[in-house]
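# Structural features, examined
Chain by chain, the residues run as shown.
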Amino acid sequence: MAIWGKGLRAKSIFALLLVCMLAFIPAIGIGWQLLSGIQEHFGRAYAENFTRLNRQKVLVPLTRELALAQRFANSVLTREWLASGNNQTLFIREAEGFANEFSSGSWFLVSADSLNYYYRAPKVPFGALPKYRLQPDNNADQWFFNLLTAPSPLSINVNHDKTLGVTRVWINMRVEQDGRAIGMAGTGLELTDFINDFIAVEEKGVVPMILDDAGRFQAHADTGLISFGSAAGVSGGGITLFDMLDSAPDSDKLAALLASARRAPDSVAMDWIMLDGKRQLLAVSYIPELDWYLATAMDLGLAQIIQPGLFNAALLGLVLILAILLLGLAYGVDRVVLTPLRRLQGSASAIASGSYEVSLPAPSSDEIGDLSRAFGVMANKVRSHTEELEQKVQSRTEELEKANRQMRQAHQLINDSIDYASLIQKAILPDRQLTRTLGEDHFVLWHPRDVVGGDFYLFQPGEQGRFLVGVVDCAGHGVAGALMTMLGRAALDHAVREHGIESPAAILQLADHTLRGMLQDTELPRGLATTMDAGLVYVDPVAGQLVFSGAKMSLYISNGDEVAEHKGLRRCLLDRRPGTFEDLTLPVHRDEVYYLATDGYLDQAGGVKGFGLGSSRFHELLRTHAQLPLSEQAEMLKQALDEYRGSHAQRDDITLLAFRMDANQ
């Protein structure tokens with residue numbers, strides 16, 4: 001053929017095209033069609049089985065909670081207590097039994113006559129006092145009035161109770177007596193736990209969700225999509241699954257799937273839709289007991305559906321095809337390319353070893369001849385360039401060594417400065433004053449994340465054993481956080497001098513005003529955080545009371561049986577809008593321990609999933625160790641945090657200050 005008389009590039013291209021036409025192109029088409037069919041077949045089977053399994057995971061535990069809620073609402077004692085308030089002791093005893101049976105350890109009860117809302121929180125005995133009273137004109141309370149007249153006595157509503165500060169999957173059961181609705185009773189599952197147990201999955205490309213008839217989300221891994229209160233008619237807005245579809249035909253498919261699943265609850269309806277710009281398989285199953293639709297959206301491009309054995313078989317076929325391709329390509333390249341190039345190998349090896357006087361192959365009219373001539377020119381240029389480069393390398397090496405010495409000196413100077421700053425920061429901490437006043441009746445855990453940190457604590461003694469103690473958490477870490485501690489300490493010292501130690505709220509108010517004045521005319525870099533969390537406690541042993549005020553920091557009190565948390569103002573110092581701080585006066589008990597902690601302790605990542613320690617675990621640690629001597633408490637709390645943290649790095653500066661009032665004070 002005429003092609004063999006052309007240049008080396010044409011010969012290589014021709015050989016490659018010939019091999020691809022004979023082996024690779026047909027193999028790609030056949031393999032792709034085969035794998036696509038297998039993937040879709042197994043994808044539909046996986047989606048159906050996954051949806052059925054998830055349906056049982058949701059239905060079984062909720063059925064139990066539904067039955068318990070129905071028993072609680074239909075209890076004779078519940079109805080009598082709602083109707084007349086009789087048999088309160090017996091009702092409380094029975095209600096505590098129900099609290100132990102509910103998985104959340106809590107229940108609620110609402111009276112239709114008084115509109116009182118009773119709530120039994122987890123691990124908190126019921127005191128027969130209402131948490132708050134529902135208001136007919138309050139939109140947040142409309143769920144009760146809507147469900148009181150709903151056709152079904154049972155409803156499941158995902159909602160956030162602002163007064164209680166909890167977001168739950170509420171199971172509501174109407175309480176009736178003599179054909180009249182006298183209230184509402186039920187329980188609630190923590191929304192986060194519900195999603196982690198039944199909705200959140202680790203499989204890529206698989207997104208389970210729970211919908212109502214209108215396509216509103218009742219449960220989703222992305223809680224921002226959940227339509228809170230929609231089941232009780234409080235809110236009909238929010239994003240629905242219909243809104244997330246790409247076209248009207250897909251909306252019709254979704255409506256058909258919901259209708260088909262409702263007609264046959266034991267089956268799983270499936271169809272292909274365009275969701276988030278991707279073709280996904282949607283499987284829907286209806287749960288009549290809950291009036292919910294359990295849906296699973298599956299992106300086959302991300303989900304690992306096909307078993308490894310099938311992939312291995314496909315991979316083996318592809319390897320065989322590639323082997324044939326490579327054999328053909330190797331033969332063609334060796335025939336038309338490699339053989340001529342070997343003639344230049346000896347010359348190239350000689351040049352690589354530093355011998356530039358080489359004997360090149362005889363010139364020819366093709367690319368090999370051009371390459372031979374280029375080798376001759378290259379040998380001469382490489383020889384001259386090598387000599388120049390050796391001189392430049394020697395000069396640059398000396399410059400780099402000098403620069404490295406200067407960098408080491410600068411780095412050592414910075415480290416020395418930071419170590420000195422750490423000594424200064426430790427010097428302002430009132431350890432000696434705390435020991436002199438409280439002795440063994442206090443401890444402090446102070447662990448900056450870096451050499452210096454943004455946490456500090458303060459102590460100011462007064463007359464007749466009175467004193468002020470506090471903890472401050474400045475935003476930032478390292479040098480920036482340490483500098484903020486100096487500003488915060490100066491502002492607090494100024495406030496103490498102006499107002500004395502008797503009113504923590506007044507101290508925080510003046511300190512906030514002072515700090516704003518310090519930074520008012522300062523141009524700070526964008527994104528630099530300057531806020532401070534603080535908690536101050538004034539203790540008056542003579543009066544037997546303490547006064548607490550906090551800025552996004554709580555005071556914890558534990559006697560070994562229970563833990564009380566008194567939260568400060570939700571705004572911190574230097575917040576975007578100034579807050580108004582208030583004093584909280586509490587009695588001092590000799591058997592109680594008082595704790596102030598920065599969020600570095602509660603937010604420390606650890607455990608299997610790397611979550612923060614959290615308030616619940618912190619409360620349990622305080623309750624468990626409250627009766628120990630404070631020196632032992634410090635060791636146990638530090639050890640507990642280290643064990644929880646495991647291999648995770650320290651996330652933030654950590655400060656925990658605790659004290660108790662000695663009987664001799």
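Everything here concerns the structure above.
Residues numbered from 1 in each chain as written. Predicted model: local features only at pLDDT ≥ 70, side-chain atom pairs only at ≥ 80, totals over all residues. Heavy atoms only, no water.

## Focus: helix 11 (residues 478–499)
So the rule is basically this: A run of H or I in DSSP becomes a helix once it reaches four residues, and a run of E becomes a strand once it reaches two; helices and strands are each numbered from the N terminus. Multiplying 1.5 Å by the residue count of a helix minus one yields the expected span of that helix. In this scheme, a residue with accessible area under 20% of its type's maximum is buried, one over 50% is exposed, and one in between is partly exposed, where area comes from a 1.4 Å probe on protein chains only.
Given a rise of 1.5 Å per residue, 22 residues ought to cover 32 Å, and the 31 Å separating the end C-alpha atoms of helix 11 matches this to within 8%. Along helix 11, the positions that sit buried rather than exposed are Gly478, Gly481, Ala482, Met484, Thr485, Gly488, Arg489, Ala491, Leu492, Ala495 and Val496. Looking one or two residues past helix 11, glycine 500 carries a phi angle of roughly 80°, positive in sign.

## Brief notes about the packing of aromatic side chains
Where two aromatic rings form a pair, the distance of their centres and the angle of their planes describe that pair. Selection criterion: Only the six-membered ring of Trp is used, alongside the rings of Phe and Tyr, when aromatic pairs are assigned; centres must lie within 6.5 Å, and planes under 30 degrees apart are stacked while those over 60 apart are edge-to-face, with the rest tilted.
Counted according to the given criterion, the structure contains 25 aromatic pairs. Both rings, one in phenylalanine 91 and one in tryptophan 107, keep their centres 6.2 Å apart while their planes meet at 70°; by these two values the pair is edge-to-face. Of the two residues, phenylalanine 91 sits in helix 3 (residues 88–101) while tryptophan 107 sits in strand 1 (residues 107–111), which places them 16 residues apart along the sequence. Since its relative accessible area comes to 0%, phenylalanine 91 is described here as buried. Where phenylalanine 108 meets tryptophan 170, the ring centres are 5.6 Å apart and the plane angle is 85°; that geometry is what we call edge-to-face. Here tryptophan 170 lies in strand 5 (residues 166–177) and phenylalanine 108 lies in strand 1, a separation of 62 residues in the sequence. Its relative accessible area of 1% is what places phenylalanine 108 among the buried residues. The class for tryptophan 170 is buried, based on a relative accessible area of 7%. Among the aromatic side chains, those forming a connected cluster through ring pairs are Phe72, Trp81, Phe91, Phe98, Phe102, Trp107, Tyr118 and Phe126.

## A closer look at empty space enclosed by the protein
The line we're drawing: Of the grid points, spaced at 1 Å and generated over the protein atoms alone, those admitting a 1.4 Å probe that cannot get out make up cavities, while open sets with protein on both sides within 12 Å along at least five of seven lines make up pockets; any residue with an atom within 4 Å of a point is treated as lining. Grid points are joined across faces, edges and corners, and a volume is the space filled by probe spheres set on the points.
With the rule as written, the count across this model stands at one cavity of 30 Å³ or more. Approximately 50 Å³ is the volume found for the largest cavity. Surrounding the largest cavity, Leu458, Phe459, Gln460, Leu468, Arg489, Leu492, Asp493 and Val496 form its lining. For the lining of the largest cavity, the elements supplying multiple residues, two or more each, are strand 13 (455–461) and helix 11. Ranked by residue count, the leading element in the lining of the largest cavity is helix 11, at four residues.

## Quick notes on a nonpolar patch on the surface
Quick reminder of the rule: For patch building, the residue pool is restricted to those with more than 30% relative accessible area and no salt bridge; the joining distance is 9 Å between like charges and 5 Å between nonpolar side chains (Val, Leu, Ile, Met, Phe, Trp, Tyr). Each accessible area is a Shrake-Rupley estimate made with a 1.4 Å probe; only the visible protein chains count as cover when residues are assessed. Only one rule defines a salt bridge in this text: a Lys or Arg side-chain nitrogen within 4 Å of an Asp or Glu carboxyl oxygen.
A contiguous nonpolar patch, built from Tyr420, Leu423, Ile424 and Met486 and spanning about 410 Å² of accessible area, is present on the exposed surface. Looking at the nonpolar patch, the element that brings in the most residues is helix 9 (residues 367–427), giving three residues. Examined against the element boundaries, leucine 423 turns out to sit in helix 9. Under the relative-accessibility criterion, leucine 423 is labelled exposed at 56%.

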